[in-house]
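# Analysis of the macromolecular model
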Amino acid sequence: MDQKIKLVCECGTINQFAVEKLDATPKCGICHQNLFSGKPIAVDSQRLIKHIENSGLPVLIDFWAPWCGPCQSFAPIYEEFATRAGNQLRLLKVDTEASQQAGIDFNIRSIPTLSLFLNGEEKGRMSGAMALPQLQQWVVQQLTNDD
Ligand SMILES: [Zn+2]
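Residues numbered from 1 in each chain as written. Predicted model: local features only at pLDDT ≥ 70, side-chain atom pairs only at ≥ 80, totals over all residues. Heavy atoms only, no water.

## Thoughts on the overall build of the protein
Looking only at helices and strands, the protein features four helices and seven strands. Walking the protein from its N terminus toward its C terminus, one meets helices and strands in the order β-β-β-α-β-α-β-α-β-β-α. Rg of the C-alpha trace for the protein: 15 Å, near the compact-globule value of 15 Å for 147 residues, within the 12% margin. Counting only C-alpha atoms and orienting by the principal axes, one finds that the protein spans roughly 45 × 30 × 25 Å. Split into buried and exposed, the 147 residues of the protein put 44% on the buried side. (Helix = DSSP H or I, 4+ residues; strand = E, 2+ residues; numbered from the N terminus. Rg over C-alpha atoms; globule rule 2.2 N^0.38 Å. Buried < 20%, exposed > 50% of the residue type's maximum accessible area, 1.4 Å probe, protein only.)

## Brief notes about the environment of Ser127
As for its placement among the helices and strands, Ser127 is situated in strand S7 (residues 121–127). Considered as a pair, Ser127 and Lys39 are 88 residues apart in the sequence and their alpha carbons are 21 Å apart. A polar contact is formed between the side chain of Ser127 and the side chain of Ser110, at a distance of 3.4 Å. Engagement of the side chain of Ser127 in a polar contact is seen with the side chain of Thr113, the distance being 3.4 Å. (Polar contact = N/O pair within 3.5 Å; in protein donor to acceptor, adjacent residues only side chain to side chain.)

## A short note on the coordination of the zinc ion
Geometry sets the ideal angles at a metal, namely 109.5 degrees for four tetrahedral donors and 90 or 180 degrees for six octahedral donors. Each protein donor to the zinc ion is listed here as Cys9 (SG), Cys11 (SG), Cys28 (SG) and Cys31 (SG); together their distances run 2.2 to 2.3 Å. For the zinc ion, the four donor atoms in the first shell make angles of 102 to 114° at the metal, a pattern classed as tetrahedral. The sequence pattern describing where the donors of the zinc ion fall on their chain is C-x1-C-x16-C-x2-C. With Cys11 in the loop between strand S1 (4–8) and strand S2 (14–18) and Cys28 in the loop between S2 and strand S3 (41–42), this residue pair connects regions lying 17 residues apart in the sequence. (Donors = N, O, S within 2.8 Å, 3.2 Å for Na, K, Ca; no water. Tetrahedral: all angles 85-135°; square planar, octahedral: opposite > 155°, others 65-115°.)

Laid out in structure tokens, this is it:
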């Protein structure tokens, strides 16, 4: 059986490919960039929804703003996590100052807020910055929760 997985590229194209290709540095069919850059992808409100609805991988989102100190100190931790997560997760970041609609749509009350989606459903949400080990642990916990 050929199991397919969907993934949205940084350019916005929805790519679909066999699951086995995940490990083979998959590239976008339109812009030909690697689908995994090892960095969080900056998205606006519309693009965020597109990722959530079309991602075969869990989607982790960092809601942040340029004026927020804790967000600034968390940014390098999040980038490091993106590198480590490789092709296991889709890491996005949303500037809630530039994309205020995203903050409204997702009911973001404080920043930074981290949100984790799987198959279009929110599995967990956490407010406040975390250190890398806590972030890793939190993500694993959300994904192994069955409820
Ligand atoms: Zn692309």
